[in-house]
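Analysis of the macromolecular model
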Amino acid sequence: MKDQSRGRVTKDGIRIYEAADFAGMHKAGRLAAEILDAMIAHVVPGVTTAALDRIITDMVEAAGAKSATIGYKGYRHASCISVNHVVCHGIPGDKTLKDGDILNIDVTVIVDGWFGDTSRMYVAGRPNRRAERLMQVTHDALMLGIEAVKPGNTFGDIGAAIQRYVESQRMSVVRDFCGHGLGQVFHAPPNVLHYGRPGTGAALEEGMFFTIEPMVNLGKPQTKVLADDWTAVTRDKSLSAQYEHSIGVTADGAEIFTLSPAGKFHPTWG
């Protein structure tokens, strides 16, 4: 569904939504977050990522919603599941999770024409300390990025806040993938970079909707896409983590549309 009739568009091509549109985004975001809450009980050693995806598909259908990813550019699954050194866009399949594996599950649902997009990290069993610290840093980087959101700041302020913190922890921010605008479309301007310089890029305005979704590597930032044309991995095989929220810019900050209803978005499960 296109949203060309809603709100106005800035000179940078970014749509400004109306106050009434926040309710639709909250409804879609809540369903996506509820699905990810429910997945916590299913992420255990011995399960396959395909089995996890089937559970997600069933939950989307049971809610009367649609998956935004099934059929998107030929993709056939209701989730992306990225394990260990997979940075993003991992395809569910026959891979069996082992004790200590970390994974990102990313879902996007469509509810009444609005897109709810979120991802978070999970652990099969118990993570090692390095993996646990990576997840913590990535989570905190996302929240610092969100703290930088308010009218008058720029997208460069968001990226700079994330990059400054991650690099202070001797980790690296992936440059090859970014957040994006959304609303009644899946992907739209702007590209939300997770690195950058303060004061650069488009200015934030009330009514902008977009995702912030930093990917952080224990090693170097470089990635490569595998032959399936979807799966992105770290070139140096180091562990990678990602957290994602969909947000709307308000008069004095940001509203998070994809907050966990169960309070379990944080890597220590609240």
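Scroll up a little and you will see the structure.
Here goes a summary of the coordinates provided. These numbers were taken from a predicted model, which means no experiment stands behind them.

Once that is clear, we can look at the overall build of the protein chain. What the protein chain contains, in helices and strands, is 4 helices and 17 strands. Radius of gyration (C-alpha) of the protein chain: 17 Å, near the 18 Å computed for a compact globule of 270 residues. Its C-alpha atoms put the protein chain at 50 × 45 × 35 Å along the principal axes. Counting the 270 residues in the protein chain, one finds 56% classified as buried. Summarising the internal contacts of the protein chain: among those between residues at least 6 apart in sequence, 70% fall at separations of at least 24. Surface exposure of the protein chain reaches about 11,700 Å², of which carbon and sulfur atoms provide 50%. Charged side chains of the protein chain number 28 positive and 30 negative; the gap between the two group centres comes to 6 Å.

Side chains bearing opposite charge may pair, as long as their charged atoms lie close to each other. Applying the stated criterion across every chain yields a total of 7 salt bridges. With its nearest N and O atoms 3.6 Å apart, the salt bridge here joins Glu167 to Arg175. Classification of Glu167 by relative accessible area gives partly exposed; the value is 38%.

Our focus in this paragraph is the state of the cysteines. Inspection of every chain in the model, using the stated rule, returns 0 disulfides. Among the cysteines around Cys178, which has no disulfide bond, Cys88 carries the closest sulfur, lying 10 Å off. Assessed through its relative accessible area of 25%, Cys178 is described here as partly exposed.

A word on the pairing of strand E11 (residues 209–212). Working note: regular strand, side chains alternate between the two faces of the sheet. Residues Phe209 and Thr211 of E11 are buried on one face, and the alternating residues Phe210 and Ile212, pointing to the opposite face, are buried as well. Across 4 bridges, the pairing between E11 and strand E16 (residues 245–249) is antiparallel. By the bridge assignment, Phe210 is partnered in E16 with Ile247.

Turning our attention to the packing of aromatic side chains. Geometrically, a pair of aromatic rings is defined through the distance of the ring centres and the angle of the planes. One pass over the full model with this rule turns up 10 aromatic pairs. Here the aromatic rings of Tyr17 and Phe209 are separated by 4.5 Å at their centres, their planes lie at 5°, and the arrangement is stacked. With Tyr17 in the loop between strand E2 (15–16) and helix H1 (21–39) and Phe209 in strand E11, this pair connects stretches of sequence that are 192 residues apart. Here Tyr17 matches Phe209 in class, with each residue buried. Of the aromatic side chains, those joined through ring pairs into one cluster are Tyr17, Phe22, Trp114, Phe209 and Phe257.

On the secondary structure map, Thr48 appears in the loop between H1 and helix H2 (49–62). If we skip the residues at most four places from it in the chain, Thr48 touches Gly93, Asp94, Lys95 and Thr96.

For H2, with 14 residues, the first-to-last C-alpha span of 20 Å sits near the 20 Å given by 1.5 Å per residue. Along H2, the residues classified as buried are Thr49, Ala50, Ala51, Leu52, Asp53, Ile56, Thr57 and Val60. Looking at the buried side of H2, the elements it contacts are H1, strand E3 (66–67), strand E4 (80–83) and strand E6 (102–111). Backbone geometry just downstream of H2 places Gly64 in the positive-phi region, at approximately 75°.

When you line up the elements, Asn104 lands in strand E6. Assessed through its relative accessible area of 3%, Asn104 is described here as buried. Once the C-alpha coordinates of Asn104 and Ser240 are considered, the two residues, 136 residues apart in sequence, prove to be 9.1 Å apart. Beyond its immediate chain neighbours, meaning those up to four positions away, Asn104 contacts Cys80, Ile81, Ser82, Ser119, Arg120, Met121, Gln242 and Tyr243. Separated by 3.0 Å, the side chains of Asn104 and Ser119 make a polar contact. Of note is the side chain of Asn104, whose polar atom sits 2.7 Å from the backbone oxygen of Gln242.

What counts and how
Residues numbered from 1 in each chain as written. Predicted model: local features only at pLDDT ≥ 70, side-chain atom pairs only at ≥ 80, totals over all residues. Heavy atoms only, no water. Helix = DSSP H or I, 4+ residues; strand = E, 2+ residues; numbered from the N terminus. Rg over C-alpha atoms; globule rule 2.2 N^0.38 Å. Buried < 20%, exposed > 50% of the residue type's maximum accessible area, 1.4 Å probe, protein only. Contact = heavy atoms within 4.5 Å. Areas by Shrake-Rupley, 256 points an atom, 1.4 Å probe, with all protein chains shown as cover. Lys, Arg positive; Asp, Glu negative; His and termini not counted. Charge placed at Lys NZ, Arg CZ, Asp CG, Glu CD. Salt bridge = Lys/Arg side-chain N within 4 Å of Asp/Glu carboxyl O. Disulfide = S-S within 2.5 Å. Pairing = 2+ DSSP bridges. Phe/Tyr/Trp six-rings, centres within 6.5 Å; stacked < 30°, edge-to-face > 60°. Expected span 1.5 Å × (residues − 1). Polar contact = N/O pair within 3.5 Å; in protein donor to acceptor, adjacent residues only side chain to side chain.

Take it as geometry only, folks, not as evidence of what the structure does.
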